[in-house]
Amino acid sequence: MRKILVTGGCGYIGSHTIVDLLEHGYEVISIDDNSRSSAFSVNGIEKITGKKVKNYKVDLKNFDETQAVFQENTDIAGVIHFAAYKAVGESVAAPLLYFENNLFSLINLLKCVEEFSIPHFVFSSSCTVYGNPDSIPVTEAFPIKKAESPYGATKQMGEEMLTDFTKNGACDAILLRYFNPVGAHPSAILGELPIGKPQNLVPAITQTAIGKLPKMKVFGNDYDTRDGSCIRDYIHVCDIAHAHTLAIQYLENTKNEGPCDIFNLGTGLGVTVLEAIQTFEEVSGVKLNYEIAPRRPGDVIAIYANNDKAVNKLGWQIKYGIKEMMKTAWDWELKLKAEADSVKNN
Ligand code: UD1
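Computed from a predicted structure; not experimentally measured.

When helices and strands are counted, the protein shows 11 helices and 13 strands. For the protein, whose C-alpha radius of gyration is 19 Å, the value lies close to the compact-globule estimate of 20 Å for 346 residues. Dimensions of the protein, computed from C-alpha atoms along their principal axes, come out at roughly 55 × 55 × 40 Å. Sorting the 346 residues of the protein into buried and exposed places 54% on the buried side. Long-range contacts, defined as pairs at least 24 residues apart, comprise 80% of the intrachain contacts of the protein with a sequence gap of at least 6. Carbon and sulfur atoms provide 52% of the accessible area of the protein, an area that totals close to 15200 Å². The centroid of the 34 positive side-chain charges in the protein is displaced by 4 Å from the centroid of its 42 negative side-chain charges.

Have a look at this one:
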C-alpha cells in the first residue's frame with residue numbers, strides 16, 4: 001500500500017481528502033499542528049473509513065520535527081500539502097504571520113522532499129491567483145494577477161517555488177487551483193469548522209440559519225451580473241478531495257506533461273450569492289435572515305472555472321451540484337448543534 005503524507009490533515013479539505021485516499025487504497029499519515037483545526041477530525045476520518053490514520057502534531061515551521069516524521073516514515077510515496085493559514089482579512093492585518101507560516105512551512109517540507117527523494121507533491125492553490133479575470137471562464141493559461149492580499153501572495157509564491165523546485169528534477173508536482181470549496185461529508189461526520197465569525201459565504205449562511213449569527217450580509221447587489229450579486233464557482237469538498245487522489249495517481253502513472261502541472265478545480269458553473277441563498281432556503285426549508293450590505297473591498301465580481309483539463313486529463317467527474325453542497329453543509333451545521341445541545345443538557 002502506498003503511503004501518502006497529508007499536511008493539514010485535520011483541516012477542512014485535508015480531512016475529506018484523507019477519507020478519499022483511504023477509500024482508494026492508500027495508507028495515510030498526517031502532519032497538523034492543530035493550531036487552526038481539531039485533532040477530533042481524525043476520529044471522524046476513522047469512523048467513516050474504519051481505517052487508522054496517524055497524525056503527527058508537528059509545526060512545519062520546525063524543521064527538525066518535520067524531518068523526524070520523514071525519518072520515521074521512509075516509505076512516503078507522495079506529499080499533499082494543505083497546511084496553511086487562509087483567512088484573507090487576517091492576512092491583510094498580519095502579513096508577516098502569513099508569510100512566515102505559509103512559506104517557511106512549505107520550504108521545510110520541500111527540503112525534506114529533496115532529502116528523502118519523495119517523487120510526488122500536490123499543492124493547494126487557489127483561484128485567487130487569477131484576481132479579477134478579464135473574461136470568464138478562466139483556464140489554467142490565464143495570467144496571474146497581482147495578489148489582492150498577503151494570503152493570495154503566499155499562494156502565488158508557493159506556486160512559483162514549486163515551479164522552480166521541480167525544474168531541477170527534485171520531484172514532480174501538481175498545483176490544484178480551488179475555486180470555492182463548500183459543503184460537508186454526506187455522513188455529516190466531517191465538515192468545515194470556521195474559527196470565530198465566518199468570513200466565507202456558506203458557513204455564514206448555515207450559522208445564520210441555525211441562529212448562531214443574528215443576520216447575514218450580502219456584500220453588494222449592484223454588480224454587473226444577472227441579479228447584481230457576485231458570481232462564484234462553488235465546488236463540493238468531496239469532489240475537491242477526490243481530485244487529490246486523482247492527482248497522485250496521475251503523477252504515479254507519469255501522465256504529467258511537465259514537472260509542474262496545474263489544474264483548475266471548479267464545476268465550471270457560476271452561481272450568484274442570491275442564487276446560493278435561494279438554493280439553501282429550498283433545500284433546508286429555512287428562510288434566511290439577510291440584508292443587502294455595501295460591497296466587500298477586494299471582492300472579485302465574477303469568476304468560474306474552465307475545468308476541461310481536470311476532467312479530460314485527471315478523469316475528474318463532479319458528483320455534487322449546488323443543492324447537495326447546501327444540503328450537506330446544512331446537515332453538518334444541524335449535527336454540530338445537536339452535539340452542542342447534548343453537551344449542554346448533560
Ligand atoms: C475567499 C478568498 C479566496 C479564498 C477563499 C477560501 C477573497 C477575495 N478571496 O474567496 O482567496 O481562497 O475565500 O474559501 O477573499 N459573501 C457575502 N456575505 C458573506 C460572505 C460572503 O455576501 O457573509 C459573498 C462575497 O462577497 C462573495 C461570495 O459571497 O461574493 C463568496 O465569498 P467567500 O465565501 O468569502 O469566498 P471568496 O471571496 O470567493
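So, next bit.
This next bit is on helix α11 (residues 322-345). The terminal C-alpha atoms of α11, which comprises 24 residues, lie 35 Å apart, in line with the 34 Å expected from a rise of 1.5 Å per residue. Of all the residues in α11, the buried ones are Met-325, Met-326, Thr-328, Ala-329, Trp-330, Trp-332, Glu-333 and Leu-336. Among the structural elements, β7 (180-182), α7 (201-210), β10 (234-236) and α9 (273-284) are those in contact with the buried residues of α11.

Before going further, it helps to spend a moment on unusual backbone geometry. For the peptide bond that leads from Ile-136 to Pro-137, omega is 0°, which places it in the cis range. Along the chain, Pro-137 turns up in the loop between β5 (120-126) and α6 (150-167). Even without being glycine, Thr-254 reaches a positive phi, approximately 45°. Examined against the element boundaries, Thr-254 turns out to sit in the loop between α8 (237-252) and β11 (260-265).

Attention shifts here to the side chain of Ser-105. Of note, Ser-105 is situated in helix α5 (residues 95-115). Note on Ser-105: relative accessible area 4%, which makes it buried. Of the polar contacts made by the side chain of Ser-105, one reaches the backbone oxygen of Asn-102; its length is 3.3 Å. Setting aside residues no more than four positions away along its own chain, Ser-105 makes contact with Leu-60, Lys-61, His-81, Ala-83 and Glu-100.

Attention now goes to helix α2 (residues 40-49). All of the buried residues in α2 are Ser-41, Val-42, Gly-44, Ile-45, Glu-46 and Thr-49. Buried-residue contacts for α2 involve α1 (12-23) and β3 (54-56). The positive-phi residue at the C-terminal boundary of α2 is Gly-50, with phi of around 70°.

Turning our eyes to something else, we now look at the packing of α7 against α9. Axis separation between α7 and α9 bottoms out at 11 Å; the angle between their running directions is 40°. If you check the angle between α7 and α9, you find them oblique. α9 is crossed by α7, and the crossing has right-handed handedness. Residues Leu-201, Ile-205, Thr-206 and Ala-209 of α7 pack against Val-273, Ala-276, Ile-277 and Phe-280 of α9. Split into classes, the residues belonging to the contact of α7 with α9 amount to seven nonpolar, one polar and no charged.

What the rule picks out here adds up to 24 salt bridges. Ionic pairing is found between Asp-59 and Lys-61, a salt bridge with its closest N-O pair at 3.2 Å. Accessibility expressed as a relative area gives 27% for Asp-59, which makes it partly exposed. Among the charged side chains, a salt-bridge network with shared partners connects Lys-215, Lys-217 and Glu-291.

Enumeration over the complete set of coordinates arrives at five aromatic pairs. Pairing Phe-70 with Phe-116 gives two aromatic rings, centres 5.6 Å apart and planes at 25°, and the pair type is stacked. You can see Phe-70 sitting in helix α3 (residues 63-72) and its partner Phe-116 sitting in the loop between α5 and β5, a full 46 residues away along the chain. Phe-70 gets classed as buried once you look at its relative accessible area, which sits at 0%. Take Phe-116: its relative accessible area is 24%, and that puts it in the partly exposed class. With 5.3 Å between their ring centres and 90° between their planes, Phe-280 and Trp-330 make a pair best called edge-to-face.

For the protein, the assigned domains read domain 1 (3-183 + 233-265) and domain 2 (201-232 + 268-345). At the interface, 32 residues of domain 1 touch 31 residues of domain 2. The contact between domain 1 and domain 2 buries some 2800 Å² in all, and 66% of this surface belongs to carbon and sulfur atoms. Per-residue buried area on domain 1 facing domain 2 is highest for Asp-233, Tyr-234 and Asp-239; these three make up 25% of the total on that side. Scanning the region where domain 1 abuts domain 2 turns up two salt bridges.

Here we take up the pairing of strand β4 (residues 76-81). With six of its six residues buried, β4 lies for the most part within the structure. As judged from the five bridges shared by strand β1 (residues 3-7) and β4, these two strands associate in the parallel manner. Following the sheet pairing, Thr-7 is matched in β4 by His-81. Here β4 runs beside β5; their pairing, made up of four bridges, is parallel. Its bridge partner being in β5, Gly-78 is matched across the sheet by His-120.

Definitions and limits used
Residues numbered from 1 in each chain as written. Predicted model: local features only at pLDDT ≥ 70, side-chain atom pairs only at ≥ 80, totals over all residues. Heavy atoms only, no water. Helix = DSSP H or I, 4+ residues; strand = E, 2+ residues; numbered from the N terminus. Rg over C-alpha atoms; globule rule 2.2 N^0.38 Å. Buried < 20%, exposed > 50% of the residue type's maximum accessible area, 1.4 Å probe, protein only. Contact = heavy atoms within 4.5 Å. Areas by Shrake-Rupley, 256 points an atom, 1.4 Å probe, with all protein chains shown as cover. Lys, Arg positive; Asp, Glu negative; His and termini not counted. Charge placed at Lys NZ, Arg CZ, Asp CG, Glu CD. Expected span 1.5 Å × (residues − 1). Polar contact = N/O pair within 3.5 Å; in protein donor to acceptor, adjacent residues only side chain to side chain. Axes fitted to C-alpha atoms, helices over the stretch in contact; angles between N-to-C directions. Parallel < 35°, antiparallel > 145°, perpendicular 65-115°, else oblique. Left-handed = near helix turned anticlockwise from the far one by under 90°. Nonpolar A, V, L, I, M, F, W, Y, C, P; charged D, E, K, R; others polar. Salt bridge = Lys/Arg side-chain N within 4 Å of Asp/Glu carboxyl O. Phe/Tyr/Trp six-rings, centres within 6.5 Å; stacked < 30°, edge-to-face > 60°. Domains from an automatic or database assignment. Buried area = accessible area lost by both parts, 1.4 Å probe. Pairing = 2+ DSSP bridges.

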